[in-house]
Amino acid sequence: MNNIDYRNDNTIIFTLARMNPPTPGHLYVIHRLIDTAISKNVDHVYIILSKTNDNNENPINCPEKINVLGTLDDMTKNMINSEKELMINETDDFERKDKIKNMNVIVIC
């Protein structure tokens, strides 16, 4: 069995999702992305959102979804930062706390 040398320069951890609107189930997906990145010693994950927007099934446009989820530059409360805070509070491992705090969750359309 070959061991893979996971690194930031050779590993992309991502999900494709509609998230329209973002729900608690989507927070679980974000939680799992962060957990996976930490286990692979990667410091960033990507959420790639669909741009689909209509009146019924997809009521929120992509820029609004990003605002709800949060951005790298956004220091206010948002779904991603709230999930990271919950994850930090769930562990006593200071190294893990630091990795969660510094995890870059990049949301794009």
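The residue numbers shown here count from 1 along each chain, following its written sequence. Given that the model is predicted, a residue must reach a pLDDT of at least 70 before its local features are reported, and side-chain atom pairs must reach 80 or more before they are shown or counted; all residues, however, enter totals for whole chains, interfaces and linings. As a rule here, side-chain values cover all heavy atoms of the structure and leave hydrogens and water aside.

J.: I'm lost on the environment of Lys65 in this one. Help?
T.: Position of Lys65 relative to the elements: it lies in helix α2 (residues 62–69). What makes Lys65 buried here is its relative accessible area of 0%. Once the C-alpha coordinates of Lys65 and Thr23 are considered, the two residues, 42 residues apart in sequence, prove to be 11 Å apart. It only takes one pair of heavy atoms within 4.5 Å for two residues to be counted as in contact. Among residues more than four places away in sequence, those in contact with Lys65 are Arg18, Met19, Asn20, Leu49, Ser50 and Ile60. Any pair of N or O atoms that falls within 3.5 Å is considered a polar contact. Within protein, one atom must be able to donate a hydrogen and the other to accept it, and sequence-neighbouring residues count only if both atoms are side-chain atoms. Among the polar contacts made by the side chain of Lys65, one reaches the main-chain carbonyl oxygen of Ser50 at a distance of 2.8 Å. Secondary structure elements follow DSSP: runs of H or I of four or more residues count as helices, runs of E of two or more count as strands, with numbering from the N terminus. A simple rule labels every residue: compare its accessible area, found with a 1.4 Å probe on the protein chains alone, to the largest value its type can have, and call it buried under 20%, exposed over 50%, or partly exposed in between.

J.: Please clarify how the nonpolar core should be interpreted in this entry.
T.: Among soluble globular proteins, nonpolar side chains are generally buried collectively. Within this scheme, the nonpolar core is defined by two criteria: the residues are buried Ala, Val, Leu, Ile, Met, Phe, Trp, Tyr or Cys, and they are joined through side-chain atoms within 4.5 Å. Among the nonpolar cores identified, the biggest contains 23 residues, and Ile34, Ile47, Leu49 and Leu69 are the most heavily contacted of them. Breaking this core down by element, the ones donating at least two residues are α1 (24–39), β2 (44–49), α2, α3 (79–89) and β3 (104–108). Sort the elements by how many residues they give to this core and α1 lands first, with six residues. Filtering out sequence-adjacent residues up to four positions away, Leu49 remains in contact with Ala17, Arg18, Met19, Cys62, Lys65, Ile66, Leu69, Val107, Ile108 and Cys109.

J.: Looking at this structure, how should I read the state of the cysteines?
T.: A covalent bond between the sulfur atoms of two cysteines is referred to as a disulfide. Two cysteine sulfurs form a disulfide in these notes if their separation is within 2.5 Å. This model, assessed by the stated rule, comprises one disulfide. For Cys62, the disulfide goes to Cys109, at an S-S distance of 1.8 Å. On the sign convention where negative is left-handed, the bridge of Cys62 and Cys109, at about -110° about the S-S bond, is left-handed. Of the two residues, Cys62 is situated in helix α2 and Cys109 in the segment after β3; the sequence distance between them amounts to 47 residues. Looking at Cys109, the relative accessible area reads 37%, which means it is partly exposed.

J.: Sorry if this is basic, but what is going on with the environment of Lys97 here?
T.: With respect to the helices, strands and loops of the structure, Lys97 is situated in helix α4 (residues 94–101). For the pair formed by Lys97 and Glu85, sequence separation is 12 residues and the distance between their alpha carbons is 9.1 Å. Other than its neighbours up to four places away in sequence, Lys97 contacts Ile88, Thr91 and Asp92.

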